[in-house]
Amino acid sequence: MLQVPVREQSQASTKAVILVGGPSRGTRFRPLSLDVPKPLFEVAGHPIIHHCLKAVTKVPDVREVILVGYYDESVFRDFIKDASKEYPQLRIVYLREYTALGTAGGLYHFRDAILKGKPERLLVLNADVCCSFPLGEMMKLFEEKDAEAVILGTRVSNDTATNFGCIVSDSHTKRVLHYVEKPESHISNLINCGVYLFATECIFPAIRSAIKRRTTRPRLLSYPSSDNLESSFIAAGDDEDAEKSEVLRLEQDILSDLADSNRFFVHETKDFWRQIKTAGSAVPANALYLQKAFQAESSELTPPSATIVPPVYIHPTASVDPTAKLGPNVSIGPRVVIGAGARVKDSIVLEDAEIRHDACVMHSIIGWSSRVGAWARVEGTPIPIGSHSTSIVKQGIKVQSITILGKECGVGEEVRVQNCVCLPYKELKRDVANEVIM
Ligand code: GDD
């Protein structure tokens, strides 16, 4: 009798795409993105995209994950190699757009690769969000409602809602009635978390219709991304370049039309959710992922003790003096050295950095190979729980609430650095506050 290979017997019917963007995006992640592409920046001991990937591995019928972006091919090579070893059941590939094609343009460009093997459903995740990714619950809603699409939503305060895609839904049926990307005025505080589940038979025709519509009605040329909040409208035929432009955005070009169908639903998460946009936003993301790992009793975390206030992640190659006190919400990278009596709280300390004895680091990111001198203080200001912003107003000036030292910075002995962003290779020899040090 003919033996059918296991893979073919259990036809994978869901594929996942993680939208990783490219080097022209994530500029607000500077100075950290000067040295590492944002999706690979480590929070809670793992690259940001590893957290997305891990969530996808929990969906039983996913066998293939496609990273779509416009970074150079080499950027994700090592990550994919390591992740493929960790998750041998998965095929993980990177597909590179020749230019930024937008959140729907990339999907459409690679539709043949995505549709290979005839998946019935497509999970799409923005790489720059931090959440508990309740994909199982989204799948359940999708099945129950026989949906064309399910979007993950969360409630935010009324004054920040317009920075996101806003969803008006029927609270009883969970049907999406109306979707507007970053509206000018308030329509709802239920916002788009950047996580979707689509029926493949609907999403690609929907993108195709959006492409056709371009020739018949005015469209957005420059879209309201949070990286670019201005928009300009150009009437059809007005601009030849626009005609050729292949940039298509799920949010502006597709989702509002899906809301006209009766089969677009929202799953509202009550769990944590944050965007990872500014460099400072890596600190709350780090805290949330560490807290999640702590609740799950992850063996990766350092056990609590008199000097370890959980949750704390310490890379096995780091050296921490037993009299240093760490936590909560601290990640210590490879080969970091922490001296006697040092105090580190709500912070990320990156590879090869050194915090000398009796120094204090709070609400900060210490860049790769940076040095914080003895008795120095590097500190930011705590971000209020539930806030989606990482800037605060101090003495009438908008400053970053998190202090960030770029790569190979030095802070002198007893020097105090408060609410500063410091570009790579700078030496800080005097006290500084509320400054960008270039
Ligand atoms: N492959 C690819 N190609 N990815 C892209 C492109 C592109 O041309 N443009 C953006 N992305 C990726 C980004 O890297 C990010 O992961 C995601 O798509 C969304 O990025 P933005 O386009 O900057 O959108 P946003 O973050 O301002 O808003 C989106 O996310 C919010 C949630 O975080 C929207 O979906 C909002 O509605 C949503 O609230």
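Every value quoted in this text rests on a predicted model; they were computed, and no experiment measured them. (Residues numbered from 1 in each chain as written. Predicted model: local features only at pLDDT ≥ 70, side-chain atom pairs only at ≥ 80, totals over all residues. Heavy atoms only, no water.)

## Re the overall build of the protein chain
Regarding its fold elements, the protein chain presents 10 helices and 36 strands. A buried classification covers 54% of the 438 residues belonging to the protein chain. Carbon and sulfur atoms form 51% of the exposed surface of the protein chain, whose accessible area is close to 19900 Å². (Helix = DSSP H or I, 4+ residues; strand = E, 2+ residues; numbered from the N terminus. Buried < 20%, exposed > 50% of the residue type's maximum accessible area, 1.4 Å probe, protein only. Areas by Shrake-Rupley, 256 points an atom, 1.4 Å probe, with all protein chains shown as cover.)

## Let's talk about the environment of Cys166
Relative to the helices and strands, Cys166 is located in strand S9 (residues 165–169). Taking the C-alpha atoms as reference, Cys166 lies 4.5 Å from Ile191; in sequence the two are 25 residues apart. Setting aside residues up to four positions removed in sequence, Cys166 forms contacts with Ala161, His178, Tyr179, Val180, Pro183, Ile187, Ser188, Leu190 and Ile191. (Contact = heavy atoms within 4.5 Å.)

## Things to note about the sheet that holds strand S35 (residues 432–433)
On the basis of which strands lie adjacent, the open sheet formed by 6 strands has the order S18-S21-S24-S27-S32-S35 and parallel pairing. Only two strands of the sheet have a single partner each, and these edge strands are strand S18 (325–326) and S35. Bridge count between S18 and strand S21 (residues 343–345): 2 bridges; the pairing is parallel. Within S21, the residue paired with Leu326 across the bridge is Val344. (Pairing = 2+ DSSP bridges.)

## A short note on the sheet that holds strand S22 (residues 347–349)
Ordered in space as S16-S19-S22-S25-S30-S33-S36, the 7 strands form an open sheet in which the pairing is parallel. Of all strands in the sheet, those with a lone pairing partner are strand S16 (312–314) and strand S36 (436–437), marking the two edges. Bridge count for S16 against strand S19 (residues 330–332) is 3 bridges, and the pairing is parallel. Counted as the bridge partner of Tyr313 is Ser331 from S19.

## As for the site of the ligand
Neighbouring the ligand are 31 residues, the closest being Glu97, Gly102, Glu181, Asn192 and Lys277. Here an oxygen atom of the ligand sits 2.7 Å away from a polar atom, N or O, in the main chain of Gly102. One nitrogen or oxygen atom from the main chain of Gly165 is found 3.0 Å from an oxygen atom belonging to the ligand. In isolation the ligand has 730 Å² of accessible area, and contact with the protein removes 98% of it. Of all the secondary structure elements, the ones that give two or more residues to the shell around the ligand are strand S1 (14–21), strand S4 (62–69), helix H4 (102–109), strand S10 (176–181), strand S11 (190–199) and strand S15 (273–275). (Near = heavy atom within 4 Å. Polar contact = N/O pair within 3.5 Å; in protein donor to acceptor, adjacent residues only side chain to side chain.)

## Digging into unusual backbone geometry
Going from Arg30 to Pro31, the amide bond is cis rather than trans, its omega being 10°. Mapped onto the fold, Pro31 is located in the loop between S1 and strand S2 (42–43). For the bond running from Gly327 to Pro328, omega is 0°, close enough to zero to count as cis. Within the secondary structure, Pro328 is located in the loop between S18 and S19. Non-glycine residue Phe133 carries a positive phi angle of around 40°. With respect to the element layout, Phe133 can be found in the loop between strand S7 (129–131) and helix H6 (135–145).

## Let's talk about the nonpolar core
With 74 residues, the main nonpolar core has Phe41, Leu67, Phe133 and Ile365 as its most contacted residues. Among the elements that take part in this core, helix H10 (residues 282–295) stands out by supplying 7 residues, more than any other. Composition of this core by domain shows at least three residues from each of domain 1 (14–275) and domain 2 (308–437). Residues contacting Phe41, with those up to four places away along its chain left out, are Phe29, Leu32, Val36, His46, Pro47, Ile48, Ala282, Ile348, Leu350, Ile365 and Trp368. If you look at the next biggest cluster of nonpolar residues, it comprises 34 residues, including Ala104, Leu190, Leu248 and Ala259. (Core = buried A, V, L, I, M, F, W, Y, C linked by side-chain atoms within 4.5 Å. Domains from an automatic or database assignment.)

## Topic: the pairing of strand S6 (residues 121–126)
The buried fraction of S6 is high, at 6 of 6 residues. Here S6 shows two buried faces, one formed by Arg121, Leu123 and Leu125 and the other by Leu122, Val124 and Asn126. Inspection of the sheet shows S6 paired to S11 by 5 bridges, in the antiparallel sense. When the sheet's bridge partners are listed, Leu125 is paired in S11 with Val195.

## Side note on the confidence of the model for the protein chain
Of all residues in the protein chain, 90% attain a pLDDT of 70 or more, and the chain-wide mean is 89. When the criterion is pLDDT under 50, residues 219–224 qualifies, and its contacts beyond four places in sequence or with other chains add up to 33 contacts. Across residues 227–244 the pLDDT falls below 50, and counting only partners more than four positions away or on other chains, this stretch makes 37 contacts in the model. (pLDDT = per-residue confidence, 0-100.)

## Comments concerning the side chain of Glu181
Mapping Glu181 onto the fold places it in strand S10. Its relative accessible area of 10% is what places Glu181 among the buried residues. At a separation of 2.6 Å, a polar atom in the side chain of Glu181 contacts the side chain of Tyr179. In terms of polar contacts, Glu181 uses its side chain to reach the side chain of Lys182, at 2.9 Å.

## A word on a negative patch on the surface
A cluster of like negative charges, contributed by Asp78, Asp82, Glu86 and Glu300, occupies part of the molecular surface. Inspection of the secondary structure assignment puts Glu86 in helix H3 (residues 77–86). (Patch = residues over 30% accessible without salt bridge, like charges linked within 9 Å, V, L, I, M, F, W, Y side chains within 5 Å. Salt bridge = Lys/Arg side-chain N within 4 Å of Asp/Glu carboxyl O. Lys, Arg positive; Asp, Glu negative; His and termini not counted. Charge placed at Lys NZ, Arg CZ, Asp CG, Glu CD.)

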